[in-house]
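Here are the chains, one letter per residue:
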Amino acid sequence: MSTGEELLRSRGLRVTRPRLAVLDVLSAGGHLEVDEITRRVRQRIDSVSTQAVYDVLGALSRAGLSRRIEPAGSPARYEARVGDNHHHVVCRGCGEIADVDCAVGSAPCLDPNVAHGFELDEAEVTFWGLCPACQSRRSADD
């Protein structure tokens, strides 16, 4: 039995070719948009609709096997790194996204002044700036 099959079964999900293919794509790393995930899945299995990929991503996210992030002004992205309360840095120039380990301590790793009665279990932080490539382009334009 493959690791993908084990992961799906451990979360009570049926093992299907689209689910295995999406898990495989996500496990390669990155912060991928649905269109890119769909393109890569179609390289693995011939016939899969974009809606089927959305459905699989929703099921994987609900099961804790993928994480959906939504940087402001960008389409949703998905990644396989879950359960560690990491954050992200986003390039304002090209949209590249990289992982940033938890800012301080363990989850939620940041505490607001007032929690309004909420029991906090996660903090989602997005850092913004320019990646090295965009910094180089900016310097060349100066």
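The name that an unreviewed UniProt entry assigns to the chain is Transcriptional repressor, with the source organism given as Micromonospora chalcea. The Subcellular location (unreviewed entry) field of the UniProt record for the chain holds the comment "Cytoplasm".

## Some words on the overall build of the chain
Helices and strands together make up the secondary structure of the chain, namely five helices and five strands. Element order for the chain, N to C, with α for helix and β for strand: α-α-α-α-β-β-β-β-β-α. Residue burial in the chain is summarised as follows: out of 142 residues, 34% are buried. The contacts in the chain between residues at least 6 apart in sequence include a share of 44% that link residues at least 24 apart. When the accessible surface of the chain is split by element, carbon and sulfur atoms take 47% of a total near 8700 Å².

## Considering the side chain of His-31
With respect to the helices and strands, His-31 occurs in the loop between helix 2 (17-27) and helix 3 (34-44). Under the relative-accessibility criterion, His-31 is labelled buried at 12%. For His-31, the contacting residues outside a window of four places in its chain are Ile-69, Arg-77, Tyr-78, Glu-79, His-88, Ile-97, Ala-98 and Asp-99.

## Here's the deal with the pairing of strand 4 (residues 97-100)
Examined bridge by bridge, strand 3 (residues 87-91) and strand 4 share four bridges and lie antiparallel to one another. Considered in strand 4, the bridge of Val-90 is made with Ile-97. A loop of five residues connects strand 3 with strand 4, the two strands running antiparallel in sequence, and Gly-95 in this loop sits at a positive phi of about 85°.

## Some remarks on helix 4 (residues 50-62)
Under the 1.5 Å per step criterion, the end-to-end length of helix 4 is 18 Å for 13 residues, consistent within 8% with the ideal 18 Å. Of all the residues in helix 4, the buried ones are Val-53, Val-56, Leu-57, Gly-58, Ala-59 and Leu-60. Contacts from the buried residues of helix 4 go to helix 1 (3-10), helix 2, helix 3 and strand 2 (77-79). One or two steps after helix 4, the chain reaches Gly-64, where phi turns positive at roughly 80°.

## Re the pairing of strand 3
Of all five residues in strand 3, four are buried, a share of seventy percent or more. Sheet topology note: the strand 3/strand 5 (residues 126-129) ladder contains four bridges and is parallel. Bridge pairing in strand 5 places Val-90 opposite Trp-128.

What counts and what doesn't
Residues numbered from 1 in each chain as written. Predicted model: local features only at pLDDT ≥ 70, side-chain atom pairs only at ≥ 80, totals over all residues. Heavy atoms only, no water. UniProt positions renumbered as here; feature names shortened; annotations may be inferred. Helix = DSSP H or I, 4+ residues; strand = E, 2+ residues; numbered from the N terminus. Buried < 20%, exposed > 50% of the residue type's maximum accessible area, 1.4 Å probe, protein only. Contact = heavy atoms within 4.5 Å. Areas by Shrake-Rupley, 256 points an atom, 1.4 Å probe, with all protein chains shown as cover. Pairing = 2+ DSSP bridges. Expected span 1.5 Å × (residues − 1).

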